[in-house]
Amino acid sequence: MVEAVLIDLFNLPANLQNNIQGSLCNTLETIEKCCSIHAPFVYVMCCQRQRSERKVEQEFLLPALGGFQSLERRLEVVCAPTTAAALYTIKQRLDEKDLSIIKVILPTLRKDSMKVYIDYLFTGAYQFEFEDFQVASDCKNIEISEPQDEGQTFPSQDMALIRSEIEMHLESLPSLKGELTILRSSLIPDAIFLHGFTTRTGGISYIPTLSSCNLFSSSKRRDPQVVVKENLRRLANAAGFNPEAFHRVKVDHANAVCIMGKTEPDSYDGIVTDQKGVTLAAPGADCIPVLFADPIRKACGAAHSGWKGTLLGVSMATVNAMVSEYGCNVKDILVVLGPSVGPCCYKLPHESAEEFHKIDPKCVRLFDSASPYIDIRRATRILLERGGVLPENIQDDSITDQSQNITFCTACHPDKFYSHFRDGTNFGTQIGFISIRD
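Parameters at a glance
Residues numbered from 1 in each chain as written. Predicted model: local features only at pLDDT ≥ 70, side-chain atom pairs only at ≥ 80, totals over all residues. Heavy atoms only, no water. UniProt positions renumbered as here; feature names shortened; annotations may be inferred. Helix = DSSP H or I, 4+ residues; strand = E, 2+ residues; numbered from the N terminus. Buried < 20%, exposed > 50% of the residue type's maximum accessible area, 1.4 Å probe, protein only. Contact = heavy atoms within 4.5 Å. Areas by Shrake-Rupley, 256 points an atom, 1.4 Å probe, with all protein chains shown as cover. Pairing = 2+ DSSP bridges. Axes fitted to C-alpha atoms, helices over the stretch in contact; angles between N-to-C directions. Phe/Tyr/Trp six-rings, centres within 6.5 Å; stacked < 30°, edge-to-face > 60°. Lys NZ or Arg CZ within 6 Å of the ring centre and 35° of its normal. Left-handed = near helix turned anticlockwise from the far one by under 90°. Nonpolar A, V, L, I, M, F, W, Y, C, P; charged D, E, K, R; others polar. Parallel < 35°, antiparallel > 145°, perpendicular 65-115°, else oblique. Arc of directions from axis to C-beta.

In the annotation of an unreviewed UniProt entry, the protein is listed under the name Purine nucleoside phosphorylase LACC1 and assigned to Formicarius rufipectus. Taken verbatim from the UniProt record of the protein, the Sequence similarities (unreviewed entry) comment is "Belongs to the purine nucleoside phosphorylase YfiH/LACC1 family." Here is the UniProt Subunit (unreviewed entry) comment for the protein, exactly as written: "Interacts with FASN. Interacts with SDHA. Interacts with ATF6, EIF2AK3 and ERN1."

Okay, here's the thing in structure tokens:
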């Protein structure tokens, strides 16, 4: 059953106002009649024109909106200067109420462009159905049905204009939860490398578990790619790197490594380069974002190390790639472990814990329990040291001066970091990033 109805009246000609009133009234009557028990939320989207015209445009809707008592608290008119601004406001309303099944009632001429707006601003977590704006005649209009592919191609120049409009609106939004904050390691020489680990502040993502500088989008989450791109743009401005030369690992929770400039694998958890100005990144929301830097050969890398990747040795695989591809000496490579879930919070089933116990018993606490606590950071350090990385060239939470610690427990600091372990499936993501300065 439809959870929300969006009626698009944006920027319609003034000479159609009388007809629009009648059609809107009939549409609302149908919604009220068919959904008297579980009425959907209804959003009427219209254009906010110049101040002198705004009152007139809103007033012509009032006669059609009156008298719908069952919808009174579920009916809202959203006026904005652009379709992007209006639709993004409605998306916020939907997300506040956790609504995902939406019927869009709109003029036929607006359908193709509206689908483009929706493709940019929403993800696969939502379900949309489209209906022509006309007099609704029966209750079947409120049932959800399979959307039809009309096979039409929307002009690419129009798509570019829509994307530009959306991006301009997102750029105009204020940052949430304070200023954008970047954690940096004193181990990596700042004169040669630009690097850092992000926190959750300073972006525009507003959903509580994603707020505010979420840097990952998927079909299962409610943050679309355009919002993540805007968060990345703000990060790039603050950090000083080019967001157009940004490469993030394609997570597979394994140990494959991508060599920049060579054929890119379908998935990989490590990435290395010796190219200047290219920013490499690895995500983390409990898993460890690991950064690698060789100031002698001027090469760097990034890796995503969850518990599976840790056991498979993804960090050492990244080191080995730097050695084989760029002639690095393993003893020159610096490794920094970023914010990740700590041994204070992280549990795994006993079968998986046994594999960490084999690396070193100190990697497991309460080993005899059904779900022992695991220290994936310690396991990462041990495997790196066994591979030849010098202990003093690895920075994690074991450093003597805790004021230099940047390997915080993500689960313990909800104000600073995202955590899958803590927040569930709709979690946000921070990153570790590094590049060689020009």
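Moving on from the model shown.
Regarding its fold elements, the protein presents eleven helices and 18 strands. In the protein, which comprises 438 residues, the proportion classed as buried is 54%. Long-range pairs, those at least 24 residues apart, make up 71% of the contacts in the protein with a sequence separation of at least 6. For the protein, the accessible area works out to roughly 19,700 Å², and carbon and sulfur atoms hold 50% of it.

So, on to the sheet that holds strand S4 (residues 101-106). Reading across the sheet, the five strands line up as S3-S2-S1-S4-S5 and stay open at both edges, with parallel pairing between neighbours. In the strand order of this sheet, the two ends are held by strand S3 (75-80) and strand S5 (127-132), each with one partner. Mean inter-strand twist for the sheet, computed between neighbouring axes without regard to direction, equals 20°. As judged from the six bridges shared by S4 and S5, these two strands associate in the parallel manner.

Let us look at the pairing of strand S13 (residues 299-305). Where burial is concerned, most of S13 is hidden: seven out of the seven residues are buried. Burial along S13 is two-sided: the residues Ala-299, Gly-301, Ala-303 and Ser-305 and Cys-300, Ala-302 and His-304 are all buried. Bridging between strand S10 (residues 270-273) and S13 involves four bridges; their strand directions are antiparallel. When the bridges of S13 are listed, Thr-273 appears paired with Cys-300. Sheet topology places strand S12 (residues 288-294) next to S13; seven bridges connect them, and they run antiparallel. Paired with Leu-291 across the two strands is Ala-302, which belongs to S13. Counted along the chain from S12 to the antiparallel partner S13, the turn is four residues long, and its residue Lys-298 has a positive phi close to 55°.

The next point concerns the packing of aromatic side chains. Per the stated rule, a full pass over the model turns up eight aromatic pairs. Between Phe-122 and Tyr-126, the ring centres sit 4.9 Å apart and the planes meet at 85°, which makes this aromatic pair edge-to-face. Considered together, Phe-122 and Tyr-126 belong to a single accessibility category, that of buried residues. Ring geometry for Phe-241 against Phe-246: centres 5.8 Å apart, planes inclined by 15°, an arrangement best described as stacked. Of the two residues examined, Phe-241 and Phe-246, each falls in the buried class. Connected via pairs of aromatic rings, a cluster forms that spans Phe-122, Tyr-126 and Phe-128. Geometry around Phe-122 places Lys-91 over its ring, the cationic atom sitting 5.9 Å from the centre.

Interhelical geometry of helix H8 (residues 314-326) versus helix H10 (residues 376-386) gives an angle of 35° and a closest axis separation of 8 Å. Along this stretch, H8 crosses H10, giving a crossing that reads as right-handed. Facing H8, whose interface residues are Ser-315, Met-316 and Val-319, H10 presents Thr-380, Leu-383 and Leu-384. Among the residues forming the contact of H8 with H10, the class breakdown is four nonpolar, two polar and no charged.

Looking now at the sheet that holds strand S17 (residues 394-395). The six strands lie next to each other as S9-S10-S13-S12-S14-S17, forming an open sheet whose pairing is mixed. At either end of the open sheet lies a strand with only one pairing partner, and these are strand S9 (257-259) and S17. Helix-sheet contacts for H8 involve S9, S10, S12 and S13, and the interaxial angle to S13 is about 160°.

A word on the packing of helix H3 (residues 83-96) against helix H5 (residues 156-172). Two elements in contact, H3 and H5, have axes separated by 8 Å at closest approach and are oriented at 60°. In terms of axis orientation, H3 runs oblique to H5. The crossing of H3 and H5 is right-handed. Each of Thr-83, Ala-84, Ala-85 and Tyr-88 in H3 lies in contact with H5, whose residues at this interface are Glu-165, Ile-166, His-169 and Leu-170. Grouping the amino acids of the contact of H3 with H5 by side-chain chemistry returns five nonpolar, two polar and one charged.

So, about helix H9 (residues 350-359). Considered for burial, the residues of H9 that qualify are Ser-352, Ala-353, Phe-356 and Ile-359. Angularly, the buried residues of H9 cover 100° about the axis, an arc narrow enough to put them on a single face. Residues of H9 that are exposed and point more than 90 degrees away from the buried face comprise Glu-351 and Lys-358. If you follow the buried residues of H9, they end up packed against helix H7 (307-312), strand S15 (364-365), strand S16 (373-374) and H10.

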